[in-house]
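Each chain, letter by letter, is given below.
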Amino acid sequence: MATKPAPAATRPPKAPPPRPLDPKVFDVVEHTLSNGLKVRLVESRGVPTVSYYTFFRAGSRNERPGITGIAHLFEHMMFNGAKKYGPKEFDRVLESAGGTSNAYTSNDLTVYHEDFASDALETVIDLESDRMRSLAISPENLESERGVVMEERRFRVDNDVPGMLDEALSASIWKAHPYHWPVIGWMRDIEAITRDDALAFFRTFYAPNNATIVAVGDLDPKKTIALIKKAYGDIPAGPAVPEVVDSEPEPTGERRVQVHYPSQAPSLMVGYRVSAAKHDDTFVLDLIQTALGAGEASRLTKRLVYDQELATNVSVDFGWRIDPSAFVIFAELPPGGDPRKVEAAIYEELEKVAKDGISELELRRGKNILRSHFVQEISTHGGRAHAIGHYELLLGDWRAALETLERYGSVKNADVKRVAAKYFSARNRSVAILVPDESEKTR
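On a predicted model such as this, the values are computed, not experimentally measured, just so you know.

> Account for the packing of aromatic side chains, with residues named and values stated.
One pass over the full model with this rule turns up 19 aromatic pairs. Here phenylalanine 79 and phenylalanine 90 contribute two aromatic rings whose centre-to-centre distance is 5.8 Å and whose plane-to-plane angle is 85 degrees, an arrangement assigned as edge-to-face. Here phenylalanine 90 lies in helix H2 (residues 89-96) and phenylalanine 79 lies in the loop between helix H1 (70-77) and H2, a separation of 11 residues in the sequence. An angle of 20 degrees between the planes, with centres 5.8 Å apart, marks the rings of phenylalanine 202 and tyrosine 206 as stacked. Judged on exposure class, the residue phenylalanine 202 and its partner tyrosine 206 are both buried. One aromatic cluster is present, built from ring pairs that chain together Phe56, Phe74, Phe79, Phe90, Tyr112, Phe201, Phe202, Phe205 and Tyr206. Arginine 131 extends its terminal NZ or CZ atom over the ring of phenylalanine 79, reaching a point 4.8 Å from the ring centre.

Encoded structure:
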């Protein structure tokens, strides 16, 4: 049984005004090679490390039916060797130099990053340029990584309640836009991707003119640009990346879908189609998301989990995307729980936000949380490099990061009411419900 949080016994001391952001944190040196490769560098000498990020504008948004999941598949393929550094050599060489690497694929981007002592910078540039120039896309590599990805899909989607609901909800929210399908792709498409598909995708989306390198840390920008020119300068630009047309029609009514699965308890996801990252509403939606679902004192957690005990957990997600995104509420219910009661409580809270906004305390709390998340992110070389690339590719310019705190700080309760009323309507709503079904065999 959930336990109610203890009421605050004392008031904390009054906080001083937030310290403004030092513009030197984003003292970015910009350069673009003749082949279109963009470079963004920040010299930060406090610690002798560097974080090196390569952003490709290549996510599930850039796929088409028949090859869904190819962007994520490529994330795996990129670690299978190239002309100079063969299979498994990338991580072996990097780790020998004391570094680590990772990668992720989203709806809009694929991102590779390394963290290492600064004396390994030239080695990392050599490793990354080698796989951009001459990635090995052999039938053996493709089959090997296809198997890994199919297993990942079984684990994270086909046998995972949040994964199944998220896939069903996205397919309901978007009918025409590529956000309709999951980043990992449909299973049949993963099975059907050919080597020719992979070669064509690589030539178009992994070309230097579709990439941005961001490096932050103990580096000399002038020397680093010279190293990057030497390593990447002869890689030819690729063809123009096909434009993604947002032909998604306006919703004409609520959309509902059920997922039957042998779960012990029901769950539900409620989603609303909202603005793209560049829209002014983005910062208001971040604050609403915080008020509704961030932490033990958030509205939905307090009501659904602690006060009425209708759910065992509630989370709210709003991710920035190039095209209109989704605002999603996920509730896990106890065995025998009633999704209708949970839905009714969620809609009632959203209507309150649209009618009355949120309290001054909730607004201040939300701004404090978002400010803290932002400054914590940029406090590390890796976090700052990621932020620069993220703002550059999703908002069009890394300089938008400089305005982040001011934009959160300027949000008023009137903005909260306007944005909530604009998006949280039944007409704009999609609902996915997991129905426990004992007749289904475990897959």
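> Describe the nonpolar core, with residues and values.
Ranked by internal contacts, the top residues of the largest apolar core, which has 84 residues, are Phe26, Ile288, Leu304, Trp320, Phe327, Ile346 and Phe424. Apart from residues lying up to four places away in sequence, isoleucine 288 is in contact with Phe327, Val416, Val419, Ala420 and Phe424. Within the second largest apolar cluster, 53 residues are counted, among which are Val39, Ile70, Leu73 and Tyr85.

> An account of the sheet that holds strand S8 (residues 267-273) is requested, with residue identities and associated values reported.
If you walk across this open sheet you meet the five strands as S7-S11-S8-S10-S9, and the pairing is mixed. At either end of the open sheet lies a strand with only one pairing partner, and these are strand S7 (255-261) and strand S9 (313-318). Direction aside, neighbouring strands of the sheet carry axes that sit 15 degrees apart on average. One ladder, built from six bridges, connects S9 with strand S10 (residues 326-332); its direction is antiparallel. Note that in S10 the partner of valine 316 across the bridge is isoleucine 329.

> Mind laying out helix H12 (residues 360-377), listing which residues take part and the relevant values?
Taking 1.5 Å of rise per residue, the 18 residues of H12 would be expected to cover 26 Å, and the 26 Å separating its terminal C-alpha atoms lies within 8% of that figure. Restricting attention to buried positions, one finds in H12 the residues Glu362, Leu363, Gly366, Lys367, Leu370 and Phe374. Projected down its long axis, H12 shows its buried positions confined to an angular sector of 135 degrees, all on one face. Facing away from the buried side of H12, by more than 90 degrees, are the exposed residues Glu360, Leu361 and Gln376. Residues of H12 that are buried in the fold lie against helix H9 (281-293), helix H10 (299-307), helix H13 (381-395), helix H14 (404-409) and helix H15 (413-423).

> Hey, could you go over the pattern of salt bridges for me, with residue numbers and the actual values?
A full pass over the atoms with the stated rule returns 31 salt bridges. Across the salt bridge formed by glutamate 43 and arginine 45, the nearest N and O atoms sit 2.8 Å from each other. Residue class for glutamate 43 comes out partly exposed when judged on its relative accessible area of 41%. Looking at arginine 45, the relative accessible area reads 46%, which means it is partly exposed. Salt bridges linked by common partners bring Arg299, Arg303, Glu348, Glu349, Lys352 and Glu362 together as one network.

> Describe the sheet that holds strand S1 (residues 28-32), listing the residues and the values that go with them.
The strand order S1-S2-S6-S3-S5-S4 describes an open sheet built from six strands, whose pairing is mixed. The open sheet is flanked by S1 and strand S4 (100-105), the only strands paired with a single partner. Neighbour-to-neighbour, the strand axes of this sheet turn through a mean angle of 15 degrees, independent of strand direction. Taken together, the six bridges between S4 and strand S5 (residues 110-117) define a ladder with antiparallel strand orientation. If you follow threonine 100 over to S5, its bridge partner there is aspartate 115.

The rules behind these values
Residues numbered from 1 in each chain as written. Predicted model: local features only at pLDDT ≥ 70, side-chain atom pairs only at ≥ 80, totals over all residues. Heavy atoms only, no water. Phe/Tyr/Trp six-rings, centres within 6.5 Å; stacked < 30°, edge-to-face > 60°. Helix = DSSP H or I, 4+ residues; strand = E, 2+ residues; numbered from the N terminus. Buried < 20%, exposed > 50% of the residue type's maximum accessible area, 1.4 Å probe, protein only. Lys NZ or Arg CZ within 6 Å of the ring centre and 35° of its normal. Core = buried A, V, L, I, M, F, W, Y, C linked by side-chain atoms within 4.5 Å. Contact = heavy atoms within 4.5 Å. Pairing = 2+ DSSP bridges. Axes fitted to C-alpha atoms, helices over the stretch in contact; angles between N-to-C directions. Expected span 1.5 Å × (residues − 1). Arc of directions from axis to C-beta. Salt bridge = Lys/Arg side-chain N within 4 Å of Asp/Glu carboxyl O.

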